[in-house]
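Residues per chain are reported as follows:
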Amino acid sequence: MHYQTESWGSYMPTRSANMGDPLERIERLASENAVVIFSMSTCCMCHAIKRLFCGMGVNPTVHELDEDPRGKDMERALMRLLGNSSAVPVVFIGGKLVGAMDRVMASHINGSLVPLLKEAGALWL
């Protein structure tokens, strides 16, 4: 198992989570930390979103779906949740779905991302 604690914040291995419904598992994992990113370790957009948050001083929890034995099930559940064909990256802030790369970047550009991060306790300044 690969841990990326230094460059991406806290990496949480998802192997030990319960064996229930993938969507329930996603909701549970998303609610455990202020900022949660569901990612693939080889995805360039995932890399960019992790860099964005780290560059802002946020310490996201990253779940690499390609390193999880049930990651494919979670990926399909995320695709259903988002209603599109690209499942990652998906960002939750304060346990609430923000969305994929396009929604996160739009929030960053229009200035609504920082207040969300502050409200969730992920950013203090």
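Residues numbered from 1 in each chain as written. Predicted model: local features only at pLDDT ≥ 70, side-chain atom pairs only at ≥ 80, totals over all residues. Heavy atoms only, no water.

## Here's the deal with the packing of helix α3 (residues 44-55) against helix α5 (residues 101-110)
Filter applied, for reference: For every element, the axis is a line fit to its C-alpha atoms; helices are fit only across the contacting stretch, and the angle between N-to-C directions ranges from 0 to 180 degrees. Secondary structure elements follow DSSP: runs of H or I of four or more residues count as helices, runs of E of two or more count as strands, with numbering from the N terminus. Throughout this description, any angle smaller than 35 degrees is read as roughly parallel, any larger than 145 degrees as roughly antiparallel, any in the 65 to 115 degree range as roughly perpendicular, and the remainder as oblique. In a left-handed crossing the near helix is turned counterclockwise from the far helix by less than a right angle, and in a right-handed crossing that turn is clockwise. Here, residues are in contact when the closest pair of their heavy atoms is within 4.5 Å.
In contact at an axis separation of 11 Å, α3 and α5 are set at 30° when each is read in the N-to-C sense. Classed by the angle they form, the pair α3 and α5 counts as roughly parallel. As α3 runs across α5, the sense of the crossing is left-handed. Between α3 and α5, the residues in contact are M45, A48, I49, L52 and F53 and M101, V104, M105 and H108, respectively.

## Some remarks on helix α4 (residues 71-82)
Counted only if it meets this: The span one expects for a helix is its residue count, reduced by one, times 1.5 Å. A simple rule labels every residue: compare its accessible area, found with a 1.4 Å probe on the protein chains alone, to the largest value its type can have, and call it buried under 20%, exposed over 50%, or partly exposed in between. The arc in question is formed by the directions pointing from the helix axis toward the C-beta atoms.
When the terminal C-alpha atoms of α4 are compared, their 16 Å separation across twelve residues agrees well with the 16 Å that a helix rising 1.5 Å per residue should span. Among all positions of α4, only G71, M74, E75, A77 and L78 are buried. On an axial view of α4, the arc spanned by its buried residues comes to 165°, and they lie on one face. In α4, the exposed residues that point more than 90 degrees away from the buried face are K72 and R80. If you follow the buried residues of α4, they end up packed against α2 (22-31), β2 (35-39) and β4 (90-93). Just downstream of α4 lies G83, where phi reads positive at about 75°.

## Remarks on the pattern of salt bridges
The condition that has to hold: Think of a salt bridge as a Lys or Arg side-chain nitrogen and an Asp or Glu carboxyl oxygen that are within 4 Å of each other.
Scanning the model with the defined rule gives five salt bridges in all. In this structure, the salt-bridge partner of D73 is R76, at a minimum N-O distance of 2.6 Å. With D73 and R76 both in helix α4, this residue pair falls three residues apart, about one helical turn. When its relative accessible area of 44% is taken as the criterion, R76 is described as partly exposed.

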